[in-house]
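Letter by letter, the chains look like this.
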Amino acid sequence: MGTVTKDIIPKLRAVPIFADLGTGDLESLSSFVGYKQLPKGTFILTQHERGSTLYLLVSGRVKVSLTSPDGKELALNYLDSPSHFGEMSLVDSEPRSADVIACTDVELLTLDAKDLSRAVQLQPRLALSLIATLSRRLRQTIERLQELAFHDATHRVMRVLLNIATAAYETRGVPVIAGFTHYEIATVAGTSRETASRVISQLAKEQVLATRGRRIVVDLVRLRDRLERE
């Protein structure tokens, strides 16, 4: 087993859907999975480009966004490791639907469409994971449209805070928003940085959350209650 393969195996094991594979299966999988290290600011995917690669984010954070012809950006989501993206073009062979940009230095594992069936044979849960991701992101899109149509900016900022903190709690066991600027929170909520900062300051006064440097610690129960009262 080569040095590159040995290096990839622990990274594959860190991906939840591959965590229970034996060393032999991981070794087989590593033989057709690629590896990339990319610096902050790199465009990993570009909207409308052709592509047939699934990306497994094993460290770092990426931003999924759209850019208008006049240069305006709409942030759709931020993904922290472990996560994956690029599955839509892998499944339907259509052009990429959004830009994906590295917010930090990132490590990625790559899987080409031609190798997808081999990967699924080794780990059938991969197919279910891709289906679940497509379903979850469609639901998130519908939810966001509802938020934009039926709720004001204050509600939308709180919803973004709740979603990020809940994801952090589910993956790391702590409801902490780390590494997100007020501007990034605002772009996902579809509002201004000033509005996001005002909402965060008010929630801190109400002890719904606490800011500690660049980290925001969220009381999930209080924030859910606060949203229900809106």
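We now turn to the structure provided with this report. (Residues numbered from 1 in each chain as written. Predicted model: local features only at pLDDT ≥ 70, side-chain atom pairs only at ≥ 80, totals over all residues. Heavy atoms only, no water.)

**Notes on unusual backbone geometry**
Phase 1: In this structure, the amide linkage connecting S81 to the following residue, P82, adopts the cis form with an omega of -5°.
Phase 2: In this structure, P82 sits in the loop between β5 (73-80) and β6 (83-85).
Phase 3: Its identity as a non-glycine residue notwithstanding, H48 has a phi of 80°, on the positive side.
Phase 4: Even without being glycine, Q207 reaches a positive phi, approximately 60°.
Phase 5: In this structure, Q207 sits in the loop between α8 (193-205) and β10 (209-212). (Helix = DSSP H or I, 4+ residues; strand = E, 2+ residues; numbered from the N terminus.)

**Thoughts on the pattern of salt bridges**
Phase 1: Overall, the coordinates contain seven salt bridges when judged by the stated rule.
Phase 2: Across the pair D80 and R61 runs a salt bridge whose closest N-O atoms are separated by 2.7 Å. Here D80 is found in strand β5, whereas its partner R61 is found in strand β4 (residues 61-67), with 19 residues between them in sequence.
Phase 3: Put simply, D115 and R118 hold a salt bridge, and the shortest N to O gap is 3.0 Å.
Phase 4: On the basis of relative accessible area, R118 is assigned to the partly exposed category, the value being 39%.
Phase 5: Overlapping salt bridges bring together K114, D115 and R118 as one network. (Salt bridge = Lys/Arg side-chain N within 4 Å of Asp/Glu carboxyl O. Buried < 20%, exposed > 50% of the residue type's maximum accessible area, 1.4 Å probe, protein only.)

**Considering the sheet that holds strand β1 (residues 34-38)**
Phase 1: Read from one edge of the open sheet, four strands run β1-β8-β3-β6, paired in antiparallel fashion. Of all strands in the sheet, those with a lone pairing partner are β1 and β6, marking the two edges. Sheet twist, expressed as the mean angle between neighbouring strand axes with direction ignored, is 30°.
Phase 2: Pairing geometry for strand β3 (residues 53-59) and β6, over three bridges, is antiparallel. Following the sheet pairing, L56 is matched in β6 by H84.
Phase 3: Sheet strands in contact with helix α5 (residues 125-150) are β3, β6 and β8 (106-112), and its direction is about 75° off that of β6. (Pairing = 2+ DSSP bridges. Axes fitted to C-alpha atoms, helices over the stretch in contact; angles between N-to-C directions. Contact = heavy atoms within 4.5 Å.)

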